Amino acid sequence: MHGGAQKVVYKINCSNGFSFVLYVWDLSMNYFKEDIVNNDIYQQSYGSSLFELNNNYLIQNGIQTPSLYELNKDRTRYPFDYAMVEYIHGEKAETYFHHSDPRVQDRVFQRLGDMLTVMHGNKREVFGKANQNNNNPEPCHMEQFNNAKIQLSYCAQYMENIRAHHDKIIDTLYTLESKIKPRTQYGFIHGELGPDHVLINKNLEPYLIDIEGAGFFDIEHEHSFLEFRFGDYYRYLKNGALDPDRMLFYKFHHHISLTSGGLKLQHRGFSNSQFAIDLANYHADCLMQFVEG
């Protein structure tokens, strides 16, 4: 099943008619291996242990995600972890952007909005993974602040327009960060929730996939991503209690991170090279609009 950048995914059809999904966490086939080895932020969204943790947490809290049948981490026969996971008969949420019946669209995206309200409503005073309860001396947004500077340096090596506007971009990043006021409560978020990470079954019920990066964080991080990934359909997912300063900061970070991510996919031989090129160019243009507008 093509499209994944951090794990290999197969659909297994059995002779008795049963189907399931096989996840393989083989670091040698991860397009962000270098970042993980260097202990970069991508490490926070990779690995079978994170999948197991978040699968359990979501299901226990009533958030639908494919069931985990079996997880093998012993590495006695293979040098990687793998899992057998429920196969959801259906389509990705992005398919419903083009559905002919607006009543079906209403049902699908309203149900997803209800799911996110429940998930983001799971709150606690410490940010991090579901099994991490230690206070961090730095606010959670500083992870993205520091990551933005790392990813911006990568972009500047390969894109002339980014290089030429590097100082302006850095100044904008510092300005946006300076407006963020302290917070002591965080919601549970997916971390990279695009319409390709939501499966809709035959009963029009949403299921979250690619859940390794989930954890407690500012929900504005999620909503700023949802806003440009879902476009007009974000109206079903809106939350009236969001902090506008955090929204703007995380939106800016996403543009930097996704420009860098698109470039890295290009440089590391991602199967859909045009997607990687378009991803980098689109978010680089968004950055330019930010600093020049």
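These lines cover the structure that appears in this document, whether it is placed above or below. Along each chain, residues carry numbers from 1 onward, in the same order as the chain's sequence is written. Local features in this predicted model are restricted to residues whose pLDDT is 70 or higher, and side-chain atom pairs enter the listing and the counts only when it is 80 or higher, whereas totals over whole chains, interfaces and linings include all residues. Side-chain measures were taken over the full set of non-hydrogen atoms in the model, leaving aside hydrogen atoms and water.

Within the chain, the regular secondary structure consists of nine helices and 10 strands. Here the radius of gyration uses the C-alpha set of atoms, whereas the globule reference equals 2.2 Å times the residue count to the power 0.38. At 19 Å, the chain has a C-alpha radius of gyration in line with the 19 Å of a compact globule built from 293 residues. Each of the three principal axes of the chain carries a C-alpha extent, and together these read 60 × 45 × 40 Å. The 293 residues of the chain split such that 52% are buried. Labels follow the DSSP assignment, with helices taken as runs of H or I lasting at least four residues and strands as runs of E lasting at least two, numbered in each case from the N terminus. Only protein chains enter the calculation, and the probe is 1.4 Å; a residue is then buried if its accessible area is under 20% of its type maximum, exposed if over 50%, and partly exposed in between.

This part covers unusual backbone geometry. The residue Arg75 is not glycine, and still its phi comes out positive at about 55°. Within the secondary structure, Arg75 is located in the loop between strand E3 (68–72) and strand E4 (81–86). Classification of Arg75 as partly exposed rests on a relative accessible area of 47%. Backbone geometry at Leu204 places phi at a positive 65°, although glycine is not the residue there. Its place among the elements puts Leu204 in the loop between strand E8 (198–201) and strand E9 (206–208).

Turning our eyes to something else, we now look at the environment of Asp218. Mapping Asp218 onto the fold places it in the loop between strand E10 (215–217) and helix H7 (219–230). Given a relative accessible area of 0%, Asp218 falls into the buried group. For Asp218 and Asp243, which are 25 residues apart along the polypeptide, the C-alpha to C-alpha distance reads 9.5 Å. Two residues form a contact once any of their heavy atoms are found within 4.5 Å. Beyond its immediate stretch of four places on either side in the chain, Asp218 contacts Cys140, His141, Arg183, Tyr186, Ile189, Arg246 and Tyr250.

Once that is clear, we can look at the state of the cysteines. Count a disulfide wherever a pair of cysteine sulfur atoms falls within 2.5 Å. Scanning all chains against the criterion turns up zero disulfides. Cys286 carries a free sulfur, and the closest cysteine sulfur to it, the one in Cys155, is 13 Å from it. Accessibility expressed as a relative area gives 11% for Cys286, which makes it buried.

Strand pairing follows a simple DSSP-based rule, namely that at least 2 bridges must link the two strands. Where strand E6 (residues 123–124) lies against strand E7 (residues 186–189), two bridges are found, and the strand directions are antiparallel. Considered in E7, the bridge of Lys123 is made with Gly187. Note: E7 against E10, three bridges, orientation antiparallel. Across the sheet, the residue bridging to Gly187 is Phe217, located in E10.

This paragraph deals with the pattern of salt bridges. Salt bridges are defined as contacts in which a side-chain nitrogen from Lys or Arg sits within 4 Å of a carboxyl oxygen from Asp or Glu. Tallying each qualifying case throughout the model produces 11 salt bridges. Lys7 is paired through a salt bridge with Glu212; the nearest N and O atoms lie 3.0 Å apart. Of this pair, Lys7 sits in the segment before strand E1 (8–13) while Glu212 sits in the loop between E9 and E10, and the two are 205 residues apart along the sequence. Exposure remark for Lys7: the relative accessible area of 9% places this residue in the buried category. Taking relative accessible area as the criterion, Glu212 reaches 4% and is therefore assigned buried. Note that Asp243 and Arg246 form a salt bridge whose closest N and O atoms lie 3.0 Å from each other. A relative accessible area of 4% means that Arg246 is categorised as buried. Salt bridges here are not isolated pairs; linked through shared partners, they connect Arg183, Asp218, Glu220, Asp243 and Arg246.

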